[in-house]
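Inside the fold
This is what each chain is made of:
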Amino acid sequence: MQRLTGLLIGAVFGAVFVFVNSHPPLDPTIALVLRVAASAALGGVVLLWFTAVRRARTTGVEPVVAGGQAGGKMFGLGFAVIAVAEVVMLFGGIAVLRALDRPVETNVAWIALVVGLHFVALGPVWKNRTIMLPGLVLTVLGAAGIAMTFTPALEWVPLVSGVLSGVTLLAGCTASSWSALSAPAATR
């Protein structure tokens, strides 16, 4: 259940990325559609999580998330080191960006970059290569957003680094949750 709980946490953060960054210059109707879609995706992952918990309690069989090893420890020392490094990079980086007088839009790009790197680093720790793909996508979206802060496209950074990062997290978490629950019992 730890891995499905990790997907639930990822979906919450994905939805937050979409909610916080769906604003002008996006058309208000598009922003609303994105928020509704993010809510639906998050609701779906929550529903799948509760379904998995109920199934595990009644059958004694926990779903296995693709690409991960069953029974692997998720929240051990490796996770703790990466989580601490992530927090230091997030807050330290934002403080440096503020000291350098970078536009506030740079913050969302920095957050996407650091969160992406944290997923890439967690792949080997969790023995799960599938987490590395969304990590790479977030890293690229974060780096692209940082580059955009030096261009006239500055106002689009929240869409590129925020909304698209959120969509990536939500899509990955939804697909992985669904896959874990729909896999035949023999593969669990």
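First, a word on scope: everything that follows refers to the structure included in this document. Here the structure is a predicted model, which is why all the values come from computation and not from measurement.

**Concerning the overall build of the protein**
Along its length, the protein carries six helices and zero strands. The helix and strand sequence of the protein, counted from the amino end, reads α-α-α-α-α-α. Its C-alpha radius of gyration of 17 Å places the protein within 12% of the 16 Å reference for a compact globule of 188 residues. Structurally, the protein occupies a C-alpha span of about 55 × 40 × 20 Å along its principal axes. Within the protein, contacts between residues separated by at least 24 positions form 73% of all contacts whose residues are at least 6 apart in sequence.

**Regarding helix H4 (residues 105-126)**
For H4, spanning 22 residues, the distance from its first C-alpha to its last is 32 Å, which sits close to the expected 32 Å at 1.5 Å a residue. Positioned one or two residues after H4, Lys127 has a phi angle of 55°, which is positive.

**Digging into the environment of Ala153**
Turning to its location among the elements, Ala153 is positioned in the loop between helix H5 (132-148) and helix H6 (157-182). The class of Ala153 is partly exposed, set by a relative accessible area of 27%. Separated by 31 residues in sequence, Ala153 and Leu122 have C-alpha atoms that sit 32 Å apart.

**Concerning the side chain of Glu86**
Following the sequence through the fold, Glu86 ends up in helix H3 (residues 77-99). Among the residues examined, Glu86 registers a relative accessible area of 15% and is labelled buried. Sequence-distant contacts of Glu86, that is, excluding residues within four places in its chain, are made with Val114, Val115 and His118.

**Some points on the layout of surface pockets**
Sizing a probe to match a water molecule and rolling it over the atoms shows the empty space that remains. Taken as a whole, the largest pocket holds about 960 Å³ of empty space. Secondary structure elements with two or more residues in the lining of the largest pocket: helix H1 (2-21), H3, H4, H5 and H6. Here the lining of the largest pocket gets ten residues from one element, more than from any other, and that element is H1.

**Some remarks on H5**
For H5, with 17 residues, the first-to-last C-alpha span of 24 Å sits near the 24 Å given by 1.5 Å per residue. If you check which residues of H5 are buried, you get Pro134, Gly135, Leu138, Thr139, Leu141, Gly142, Gly145 and Met148.

**Observations concerning the side chain of Thr168**
Examined against the element boundaries, Thr168 turns out to sit in helix H6. Beyond its immediate chain neighbours, meaning those up to four positions away, Thr168 contacts Pro134, Val137, Leu138 and Leu141.

**Overview of the packing of H1 against H6**
Two quantities define a packed helix pair, namely the angle between the axes and the distance from one axis to the other. Interhelical geometry of H1 versus H6 gives an angle of 150° and a closest axis separation of 8 Å. Classified by the angle between their axes, H1 and H6 sit roughly antiparallel to one another. In this structure, H1 crosses over H6, and the sense of that crossing is left-handed. A per-class count over the contact of H1 with H6 returns 14 nonpolar, nine polar and no charged.

**Quick look at the nonpolar core**
One finds Phe17, Phe119, Trp126, Leu138, Val157 and Leu169 to be the most contacted residues of the largest nonpolar core, which totals 17 residues. For this core, the elements supplying multiple residues, two or more each, are H4, H5 and H6. Excluding its chain neighbours within four sequence positions, the residues that come into contact with Leu169 are Gly10, Phe13, Gly14, Phe17, Phe119 and Leu138.

The rules behind the values
- Every residue gets a number counted from 1 within its own chain, in the order that chain's sequence is written.
- Local features in this predicted model are restricted to residues whose pLDDT is 70 or higher, and side-chain atom pairs enter the listing and the counts only when it is 80 or higher, whereas totals over whole chains, interfaces and linings include all residues.
- Hydrogens and water molecules were not included; the side-chain quantities draw on all heavy atoms of the structure.
- Strands are runs of DSSP state E lasting at least two residues, helices are runs of H or I lasting at least four, and both sets are numbered from the N terminus onward.
- Only the C-alpha atoms count toward the radius of gyration. The rule for a globule is 2.2 Å times the residue count to the power 0.38.
- Contact definition: two residues touch when any of their heavy atoms are within 4.5 Å.
- Expected span, for any helix, means 1.5 Å times one less than how many residues it has.
- The buried label applies to any residue whose accessible area, calculated with a 1.4 Å probe on protein chains only, is under 20% of its type's maximum; exposed applies above 50%, and partly exposed to all values in between.
- Using only the protein atoms, space was sampled on a 1 Å grid; points where a 1.4 Å probe fits but cannot get out form cavities, open sets with protein on both sides within 12 Å along at least five of seven lines form pockets, and lining residues are those with an atom within 4 Å of a point.
- Grid points are joined across faces, edges and corners, and a volume is the space filled by probe spheres set on the points.
- Lines are fitted to the C-alpha atoms to define the axes, a helix being fitted only along its stretch in contact, and any angle between axes, read from their N-to-C directions, falls within 0 to 180 degrees.
- Angle categories: roughly parallel below 35 degrees, roughly antiparallel above 145, roughly perpendicular from 65 to 115, and oblique for all the rest.
- Here a crossing is taken to be left-handed if its near helix is turned anticlockwise relative to the far helix by less than a right angle, and right-handed if that turn runs clockwise.
- Note on residue classes: Ala, Val, Leu, Ile, Met, Phe, Trp, Tyr, Cys and Pro are nonpolar, Asp, Glu, Lys and Arg are charged, and everything else, Gly too, is polar.
- Put simply, buried Ala, Val, Leu, Ile, Met, Phe, Trp, Tyr and Cys residues joined by side-chain atoms within 4.5 Å make one nonpolar core.

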